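Structural overview
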Amino acid sequence: MKCISVYTDNFELFSDIFDRVVDSSMEENEEQEVEGITISHSGDVPEHYLERMAQKPEVVVMKDKSRGLTILQHGKVFEILLPVLESA
């Protein structure tokens, strides 16, 4: 899964830029600023990362079933986990 980190604890601001963040084409370790909020492509995370994070009481887990992605919120960061399409 590809992980994009959005550095804010403001859900309203996160919601406002969410579509642009998901639709952006960022390279691994690239950082950008969207409406004053820093976002970065944090690279790929293993499947067990989601399982491990979801067990922590301070982590909120949200799913966007229409896009097949998961959002983790903890501290002052949202992490958007996007499935990586494997090319055959």
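This text goes with the structure placed above it.
Our subject in this report is the structure included herewith. Counting restarts for each chain: residues are numbered from 1 in the order of the written sequence. Only residues with pLDDT of at least 70 are given local features in this predicted model, and only at 80 or more are side-chain atom pairs given and counted; all residues enter the totals for whole chains, interfaces and linings. With hydrogens and water set aside, each side-chain value is computed from the structure's full complement of heavy atoms.

What follows is about the packing of aromatic side chains. Between the rings of Phe, Tyr and Trp (Trp by its six-membered ring), a pair exists once the centres lie within 6.5 Å; its type follows the angle of the planes, with under 30 degrees stacked, over 60 edge-to-face, and the other angles tilted. Here the structure, examined in full by the defined rule, presents four aromatic pairs. For the pair F14 and F78, a centre-to-centre distance of 4.0 Å together with 5° between the ring planes defines the contact as stacked. One end of the pair, F14, is in helix α1 (residues 11-23); the other, F78, is in strand β6 (residues 77-82), with 64 residues separating them in the sequence. The class of F14 is buried, set by a relative accessible area of 3%. Secondary structure is summarised from DSSP: a helix means a run of H or I of at least four residues, a strand means a run of E of at least two, and numbering begins at the N terminus for each. To sort residues, take the accessible area from a 1.4 Å probe on protein chains only and compare it with the maximum for the residue type: under 20% means buried, over 50% means exposed, and anything in between is partly exposed.

Definition used for salt bridges: Asp or Glu carboxyl oxygen within 4 Å of a side-chain nitrogen of Lys or Arg. Under the counting rule described, the total for this entry stands at three salt bridges. Put simply, R67 and D19 hold a salt bridge, and the shortest N to O gap is 2.4 Å. Note that R67 is positioned in the loop between β4 (60-64) and β5 (69-74) and D19 in helix α1, a separation of 48 residues in sequence. When its relative accessible area of 35% is taken as the criterion, R67 is described as partly exposed. Notably, a salt bridge pairs D64 with R67, separated by 3.6 Å at the nearest N-O pair. Bridged by salt links that share partners, the residues D19, D64 and R67 form one connected network.

This brings us to the environment of I71. Tracing the backbone shows I71 in strand β5. The class of I71 is buried, set by a relative accessible area of 7%. A sequence separation of 21 residues divides I71 from L50, and the C-alpha atoms of the two residues are 9.6 Å apart.

It is worth spelling out the sheet that holds strand β2 (residues 31-34) at this point. Strand pairing within a sheet occurs via backbone hydrogen bonds; the two strands may be parallel or antiparallel. DSSP calls a pair of strands paired once it identifies at least 2 bridges connecting them. Strand order in this open sheet of six strands is β2-β3-β1-β6-β5-β4, and the pairing throughout is antiparallel. What marks the edges here is a single partner per strand, and that holds for β2 and β4. Across the sheet, the axes of successive neighbouring strands diverge by a mean angle of 25°, strand direction being ignored. Pairing analysis gives five bridges linking strand β1 (residues 2-6) to β6, with the strands arranged antiparallel. Lines are fitted to the C-alpha atoms to define the axes, a helix being fitted only along its stretch in contact, and any angle between axes, read from their N-to-C directions, falls within 0 to 180 degrees.

What follows covers the pairing of strand β3 (residues 37-44). One ladder, built from five bridges, connects β1 with β3; its direction is antiparallel. Directly across from S5, in β3, lies its bridge partner S40. The pairing of β2 with β3 spans four bridges and is classified as antiparallel. Among the inter-strand pairings, E31 is bridged to a residue of β3, identified as S40. In sequence, β2 turns back onto β3 through a hairpin of two residues, with E35 there showing a positive phi of about 50°.

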